[in-house]
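Below, each chain spelled out in residue letters.
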There are 2 protein chains.
Amino acid sequence: MADEKKLVESITAMEEDFAQWYTDVVKKAELTEYSNVKGCMILLPAGYAVWENIQKELDARFKETGVENVQLPMFIPEGLLNKEKDHVEGFAPEVAWVTHGGGEELTERLCVRPTSETLFCDLYAKIIHSYRDLPKVYNQWCSVVRWEKTTRPFLRTTEFLWQEGHSAHATAKEAQERTIQMLNVYADFCEEILAIPMIRGQKTDKEKFAGAEATYTIEALMHDGKALQSGTSHNFGDGFAKAFGVQYTDKENTLSYVHQTSFGMSTRIIGAIIMVHGDNSGLVLPPKIAPVQVAIIPIQQKKEGILEKAYEIKEKLNKMAIRVKVDDTDKSPGYKFAEQEMRGIPVRIEIGPKDLKANQAVLVRRDTREKQIVSIDEIPQAITELLEKIQKDMLEQARAHRDAHTYEAKDMESFAQITAEKPGFVKAMWCGDRACEDEIKEKTGATSRCMPFKQEMISDTCICCGKKAKSLVYWGKAY
Amino acid sequence: MADEKKLVESITAMEEDFAQWYTDVVKKAELTEYSNVKGCMILLPAGYAVWENIQKELDARFKETGVENVQLPMFIPEGLLNKEKDHVEGFAPEVAWVTHGGGEELTERLCVRPTSETLFCDLYAKIIHSYRDLPKVYNQWCSVVRWEKTTRPFLRTTEFLWQEGHSAHATAKEAQERTIQMLNVYADFCEEILAIPMIRGQKTDKEKFAGAEATYTIEALMHDGKALQSGTSHNFGDGFAKAFGVQYTDKENTLSYVHQTSFGMSTRIIGAIIMVHGDNSGLVLPPKIAPVQVAIIPIQQKKEGILEKAYEIKEKLNKMAIRVKVDDTDKSPGYKFAEQEMRGIPVRIEIGPKDLKANQAVLVRRDTREKQIVSIDEIPQAITELLEKIQKDMLEQARAHRDAHTYEAKDMESFAQITAEKPGFVKAMWCGDRACEDEIKEKTGATSRCMPFKQEMISDTCICCGKKAKSLVYWGKAY
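Residues numbered from 1 in each chain as written. Chains lettered and ligands numbered in written order. Predicted model: local features only at pLDDT ≥ 70, side-chain atom pairs only at ≥ 80, totals over all residues. Heavy atoms only, no water.

Caption draft 1: Summary view of the packing of aromatic side chains. Residue and element names in this part refer to chain B. Counted by the stated rule, this structure contains 32 aromatic pairs over all chains. Measuring from centroid to centroid gives 5.0 Å for Phe18 and Trp21, while their planes differ by 35°, and the two rings are tilted. One end of the pair, Phe18, and the other, Trp21, are both in helix 2 (residues 18–28), 3 residues apart, so they sit about a helical turn from each other. The class of Phe18 is buried, set by a relative accessible area of 12%. Judged by relative accessible area, which is 0%, Trp21 ranks as buried. One residue, Lys226, lies across the ring of Tyr479, its end atom 4.7 Å from the ring centre. (Phe/Tyr/Trp six-rings, centres within 6.5 Å; stacked < 30°, edge-to-face > 60°. Helix = DSSP H or I, 4+ residues; strand = E, 2+ residues; numbered from the N terminus. Buried < 20%, exposed > 50% of the residue type's maximum accessible area, 1.4 Å probe, protein only. Lys NZ or Arg CZ within 6 Å of the ring centre and 35° of its normal.)

Caption draft 2: Geometry of the relation of the copies chain B and chain A. Note on the copies: chain B fits chain A at an RMSD of 0.0 Å, the axial shift is 0.0 Å, and the rotation between them is 180°. Here the symmetry operator amounts to a two-fold rotation axis. Within chain B, the C-alpha atom positioned nearest to the axis of rotation is that of Val98 of chain B, 2.1 Å from it. A share of 100% of interface residues in chain B that are also interface residues in chain A marks the association as one of identical surfaces. (Least-squares fit on C-alpha atoms with pLDDT ≥ 70 in both. Contact = heavy atoms within 4.5 Å.)

Caption draft 3: Representation of the sheet that holds strand 16 (residues 324–326) of chain A. All names here are of chain A. Spatial ordering of the open sheet is given by 16-15-17-18-19, a layout of 5 strands whose pairing is mixed. Strands with a single pairing partner mark the edges of an open sheet, and in this sheet they are strand 16 and strand 19 (371–375). Direction aside, neighbouring strands of the sheet carry axes that sit 25° apart on average. Looking at chain direction, strand 18 (residues 360–365) and strand 19 are connected through 5 bridges and run antiparallel. Residue pairing in the sheet places Ala361 in a bridge with Val374 of strand 19. Where helix 11 (residues 333–342) meets the sheet, its contacts fall on strand 15 (294–298) and strand 17 (347–351), and the angle it forms with strand 15 comes to roughly 170°. Seen against the sheet, helix 13 (residues 379–404) touches strand 15, strand 17, strand 18 and strand 19 and runs at an angle of roughly 10° to strand 18. (Pairing = 2+ DSSP bridges. Axes fitted to C-alpha atoms, helices over the stretch in contact; angles between N-to-C directions.)

Caption draft 4: Spotlight on the state of the cysteines. With the rule as written, the count across this model stands at 0 disulfides over all chains. Free of any disulfide, Cys111 of chain A has its nearest cysteine sulfur in Cys40 of chain B, 13 Å distant. For Cys111 of chain A, a relative accessible area of 0% translates into the label buried. (Disulfide = S-S within 2.5 Å.)

Caption draft 5: View of the pairing of strand 10 (residues 214–221) of chain A. Residue and element names in this part refer to chain A. Burial runs high along strand 10: 8 of the 8 residues are buried. The two faces of strand 10 match: Ala214, Tyr216, Ile218 and Ala220 on one face and Thr215, Thr217, Glu219 and Leu221 on the other face are all buried. Here strand 9 (residues 199–202) pairs with strand 10 via 4 bridges, running antiparallel. Residue Gly201 lies in a different strand from strand 10, and its bridge partner there is Thr217. Sheet topology places strand 10 next to strand 11 (residues 227–237); 8 bridges connect them, and they run antiparallel. Paired with Glu219 across the strands is Gln229, a residue of strand 11.

Caption draft 6: Up close: the interface of chain B and chain A. Contacts between chain B and chain A engage 53 residues on the former and 53 residues on the latter. Here chain B meets chain A over a buried area of about 4300 Å², counting both sides, of which 61% is carbon and sulfur. For the interface between chain B and chain A, the tally reads 6 salt bridges. Between Asp330 of chain A and Arg132 of chain B there is a salt bridge, with the nearest N and O atoms lying 2.8 Å from each other. Along the contact surface separating chain B from chain A lie 21 residue pairs in polar contact (both at pLDDT 80 or more). In terms of residue count, the dominant contributor to the side of chain B that touches chain A is strand 5 (residues 96–101) of chain B (6 residues). When grouped by side-chain class, the residues that make up the side of chain B that touches chain A number 30 nonpolar, 10 polar and 13 charged. (Buried area = accessible area lost by both parts, 1.4 Å probe. Salt bridge = Lys/Arg side-chain N within 4 Å of Asp/Glu carboxyl O. Polar contact = N/O pair within 3.5 Å; in protein donor to acceptor, adjacent residues only side chain to side chain. Nonpolar A, V, L, I, M, F, W, Y, C, P; charged D, E, K, R; others polar.)

Okay, here's the thing in structure tokens:
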């Protein structure tokens, strides 16, 4: 018993110190390890396997919409980065510069890509000539570098893994449709696979991407009531195309600029999985994303027939494409339980000598800790149903938590009070002026998360200036 | 007809200028595009899709042997790179240095990883404590940077994609077994999936990896008779472990150094696919690695029922997990044929009004150009068999070519004559001295490719110095 206590007691309770709880879970679940490179993390097998599952699922969804994968260089020559004014102003302060290569000083510095709009534009200028070459919807899975002073695993690191999609279209309408389409791909993926409900909406001008005409976002609410921007999709209009000369001839042989978009999701989303679903025993992974869905833990495994039965059950579940592991190490069952819980494995099957005699096993849900005893013959069916139920319940649970922490404010006073006392989203009306947005942030610490697609008029006036309201905005303190 | 002629005529014949043929195929098959970053290439969808299939297949084979994927930073602090003497001497001249980040000069330069032995050792020193933590067999899929002056797509570029596996073991024996195991994984993969036969063997000390005790390699013969090193697996002994302090306590509580290995395969292997299988009409892809396995090309596609039938066939084949595309663009059939051939799609199905009336279609093999007419109802079965046959024949064809270009030399004179006149592998005996290896290279341009596992004694003496021979070596001019 000492062992498992040690594993769990070493985690700070989330009610006590949420940030420390997060760090403890990441460490104890062996998702990441600190590296000797300032601001960069190491993704260990348990962490990387989650990313692999995200990649696999998201990549399949991308390809269904016609996305093609490519790979561009990790370096951007300084001159190329400088081509689009807003873009370079947004990114230049946080890039890393390569100044020497092959023993010589370079004639032009290369920055390590913080994002690849400039490289994609350069490529598109080369390969797009006619309307027949459109649309181009390319994506790459890679890492990018943005220099950070203070870092936290998954949430903010100097180097992080992501995908960045970049498309070019003949018309503004098509570009806008693709922008919204990809935002919905992200939101559906998060809801169906990660069991995280999302607010879909548009960023204010203040919060939009450097160089974009419009940025769309999906926003999730963490367990501590803070918001996390979880994926973005940008419509660039023809701004980049003009800066980089990306033109095509249409059927009438007229030369026009293309309309572009980009869209990205990163390992940051793993931070959301942790902070939406985790509890004081560690990680809780939704079945559809869990690298291991079922842990079979034998009790008194040295007794005859126990391990054999455990492997037999594993084989049966494997054949149904369920991801199963038998923990046959020499640790105590209690330690194994604690470890399975820490790692967020959705279901564990306990099987000991008494169970074997009764031809039964105990199934325990990670999310609710609910136990059920089932006949060994019924395990495949029971596990299939249980995994589905857990997936569904986790989404409902997360939605209930978010809804219970979403407030409305009709004036500045109540807005300030809510943001001070009740962590969560606050829905409030806004006039559209940057000055009000700045003032709200300064007074309350809350930033505009998005103008949701589902607009409501909860009052007529801006909570800050009292002028006519233009949009409903979700506000919140954010990661 | 003008169109398709243009597509094919623009390719240089391989007999005329092999290097130019290679460049033409890479360009016309739209595998890569040049970037504005010196020495770096862009992988376009057709090229990246081949890499994705390589990744998928190789990754599954890795995981079957217990490999776990991780992700380490792309930067290595200068001090860390300097820790193992041979290693830093091997790589320092070709690295890129980051000197500035976030607007400030760094106190310690960071090199962009040319390979990650040092980072893995640093990680292993942190996470390996006891025999229970062993073995560790980690791998990462990433890109690495080695500064190059002259580059060629896939074969030599400043940045390239690869995987690098790094393992740590309790004993020297286990490390050696893992080294050979992974070499065989590579060789089997190349033979079974890429249809490229490999010579498996050990590198001489001159050719081994910087910091390794022993390097093993798989070597393939290209169509022009040059060799290509296609994958390597290294046994590091405990050299790196001593430099980085990677130690573990065994069951008796004794502290020992771990024994390490590393193994890698890169996008270079795509160069091998092109140069082993390609012909004067372009790329020829083995079915198992081809992103598109079957191209359905409708003839007179505007006629009633043609396109419908094409889609119907596509659906049927898709259901059998065959990767199919219907080319319904407004290009001429001849152009579509030329394009399908250029891209190396293994089989095309031609279907026109006459075929439709006769309930038949024409199947054409890309590798041999052989045609067969089959009933539409029999297409699924015929395609399945044909893809299997092509895969098998391509391996046999490549093996026959290699064997026909593998020579034996028993003295320096005949060795020199063969290397001057007959491009290919030359098998010849060697005494084991570096001086002879250097002299052979200087006189003939041939380098030692490997000491094959299948040793023969084709003569008793070293072809260079006449002293007692130690090993049979495969020699050749190499990429």
